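Fold and contact review
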Amino acid sequence: MPQTATANILTILETDFSGVVEEWLGTQVKEGVKRSDLFSDSESRAQNQELLKAFGKGVRAGVVNEEFSLEDDAWEDLRAVLADVSKERVSRGVTPTEMATFVLALKAPLFKRLEAMPGVEGGKLIRDVLMVTRLVDAFAIYTNEIFIGERDQIIERQRQEMLELSTPVVELWDRVLTLPLIGTLDSARAQEVMENLLQTILERQAEVVIMDITGVGTVDTQVAQHLLRAAAAVRLMGAECIISGISPMIAQTMVQLGIDVGTVSTRSSIRTALSDALQKVGYVIKTTEAS
Amino acid sequence: MSGVTSINLVENALLVSIQDDVTDTEIVELQETLSNRIAKENVKGVILDISSLEIVDTFVGRVIAQLAGISRLLAAETYVVGMRPAVAVTLVELGMYLPETRTALSLTHALSQLRRA
């Protein structure tokens, strides 16, 4: 008899919708991915109902001759619901494995019902099972993609925020600037830091700049390269650069890596760097008579 | 010598102002004129004011380095003053660190350093 590949699946979804939802939830509990600690029972149920409804709609309209693509218009509802659910789950700290298992758990109830259907056996059963597997797998892969995309967005946002708040140039004294570097120094940040620094030198007519790397965790050849380039640019502008905060550990690494600082002065602490800087612009620090 | 680039005697140094629209020919001519003036006027320093220079390329960078080399041979120190941030970044990116020149923030700074020398 003429029957499309998805007819049996649709029948199941139409006749036993809430049964599938309940069993899907049950499988999630069994697999340990329901996260009752993060979502209440009614919340999970509502999410599952919505997802399954959108999934059913997609299966009905979006599968032609056993072929389908979740990018098609027919699957729009599912994509929208998934985007919401994923966003919610990322922000509550659900892992990718839990997310994938959560979707894949839909297979068990569907298989069981296919098996119990009258007249579905042998080759026909295998074909139906294959169809369900393909649909649910695509569903799961798509879910993970959205999930990862969601996380990427968070990372990108945080990176942007870090870039913005991490390059303060501070005026310590007349004509003396300091640039406390914190965290990692990648190319993008180094560029930002350098431009910001040079602009400030111009505005304040600074003669000495102390680049303090106490807060920089590791110095490899690339970080050293960025620092020395910044120092060279500072010199070209007509100011002098002191790199301070070089720990014994970092000094050893730099020598082992064969990094040559050339004519740039280096100091172990910002304290000595400051006193040198003040001397260069013509000040001395003196204790008062009383002390 | 065109009017775009001027050479003036300030104290014991020659002040050279390089304009933004300087052409390659003019800057080569400048090299010639400047070396003659250094020898004739027996100055201690040459101050290259590049504050109006907004764009540099390897050619200009090399000419500056050469000017410094020539002055050094004629016993004058070269100070590059007023370099813009964008120009400094570009030169560093081109790998031209101009090690043979001295640098100063402004003409005043360069002159006071020359007086001390």
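An unreviewed UniProt entry lists chain B under the name RsbT antagonist protein RsbS, with Alloyangia pacifica given as the organism.

Quantified by volume, the largest pocket comes out at close to 890 Å³. If you go around the largest pocket, you meet 34 residues; those closest to its centre are A:Arg235, A:Ala239, A:Glu240, A:Cys241 and B:Thr103. Among the elements of the structure, helix H9 (221-237) and strand E4 (240-244) of chain A together with strand E5 (102-104) and helix H4 (107-116) of chain B are those that each provide at least two residues to the lining of the largest pocket. Split into classes, the residues belonging to the lining of the largest pocket amount to 15 nonpolar, 10 polar and 9 charged.

Now for the domain arrangement of chain A. For chain A, the domain assignment lists domain 1 (7-160) and domain 2 (170-280). In this structure, domain 1 of chain A and domain 2 of chain A have C-alpha centres spaced 54 Å apart.

Moving on, we come to the pattern of salt bridges. Residue and element names in this part refer to chain A. Applying the stated criterion across every chain, the model contains 21 salt bridges over all chains. In this structure, Arg 134 engages Glu 67 in a salt bridge whose closest nitrogen and oxygen atoms are separated by 3.7 Å. Here Arg 134 is found in helix H7 (residues 122-165), whereas its partner Glu 67 is found in the loop between helix H3 (41-62) and helix H4 (76-91), with 67 residues between them in sequence. Arg 92 is the salt-bridge partner of Glu 88, the closest N and O atoms lying 2.5 Å from each other. Each of Asp 16, Glu 23, Lys 112 and Arg 113 takes part in salt bridges that share partners, so that together they form one network.

Residue and element names in this part refer to chain A. Between helix H2 (residues 17-31) and helix H6 (residues 107-116), the least distance of the axes is 8 Å, while the angle of their chain directions is 130°. As judged from the angle between their axes, H2 and H6 are oblique. As H2 packs across H6, the resulting crossing turns out to be right-handed. Contacts between H2 and H6 involve Gly 19, Val 20, Glu 23, Trp 24 and Thr 27 from the former and Ala 108, Pro 109, Leu 110, Lys 112 and Arg 113 from the latter. Partitioning the contact of H2 with H6 into residue classes produces 5 nonpolar, 2 polar and 3 charged.

Residues and elements named next belong to chain B. Strand order in the open sheet formed by 5 strands is E1-E2-E3-E4-E5, and the pairing between neighbours is mixed. Each edge of the open sheet carries a strand with a single partner, namely strand E1 (6-10) and E5. On average, adjacent strands in this sheet sit at an angle of 25° to one another, irrespective of strand direction.

Time to look at the interface of chain B and chain A. In this complex, chain B contributes 19 residues to the contact, which on the side of chain A involves 16 residues. Between chain B and chain A, roughly 1500 Å² of surface is buried when both sides are summed, and carbon and sulfur atoms account for 63% of that area. Where chain B touches chain A, the interface holds 1 salt bridge. Note that A:Arg229 and B:Glu93 form a salt bridge whose closest N and O atoms lie 4.0 Å from each other. Counting across the chain B and chain A interface gives 5 residue pairs in polar contact (both at pLDDT 80 or more). Among the elements that line the side of chain B that touches chain A, the one with the most residues is helix H3 (residues 85-93) of chain B, at 6 residues. Across the side of chain B that touches chain A, the residue classes tally to 12 nonpolar, 4 polar and 3 charged.

So, on to helix H8 (residues 187-204) of chain A. All names here are of chain A. A rise of 1.5 Å per residue sets the reference length of H8, with its 18 residues, at 26 Å; its end C-alpha atoms lie 26 Å apart and thus fit the reference within 8%. Within H8 the residues assigned to the buried category are Arg 189, Ala 190, Val 193, Met 194, Leu 197, Leu 198, Thr 200 and Ile 201. Along H8, the residues classed as buried sweep out an arc of 160° about the axis, all on the same side. After H8 finishes, the residue Gln 205 shows a positive phi value of roughly 50°.

Reading the values: the criteria
Residues numbered from 1 in each chain as written. Chains lettered and ligands numbered in written order. Predicted model: local features only at pLDDT ≥ 70, side-chain atom pairs only at ≥ 80, totals over all residues. Heavy atoms only, no water. 1 Å grid on protein atoms, 1.4 Å probe; cavity = no way out; pocket = protein on both sides within 12 Å on 5 of 7 lines; lining within 4 Å. Points joined across faces, edges and corners; volume = space filled by probe spheres on them. Helix = DSSP H or I, 4+ residues; strand = E, 2+ residues; numbered from the N terminus. Nonpolar A, V, L, I, M, F, W, Y, C, P; charged D, E, K, R; others polar. Domains from an automatic or database assignment. Salt bridge = Lys/Arg side-chain N within 4 Å of Asp/Glu carboxyl O. Axes fitted to C-alpha atoms, helices over the stretch in contact; angles between N-to-C directions. Parallel < 35°, antiparallel > 145°, perpendicular 65-115°, else oblique. Left-handed = near helix turned anticlockwise from the far one by under 90°. Contact = heavy atoms within 4.5 Å. Pairing = 2+ DSSP bridges. Buried area = accessible area lost by both parts, 1.4 Å probe. Polar contact = N/O pair within 3.5 Å; in protein donor to acceptor, adjacent residues only side chain to side chain. Expected span 1.5 Å × (residues − 1). Buried < 20%, exposed > 50% of the residue type's maximum accessible area, 1.4 Å probe, protein only. Arc of directions from axis to C-beta.

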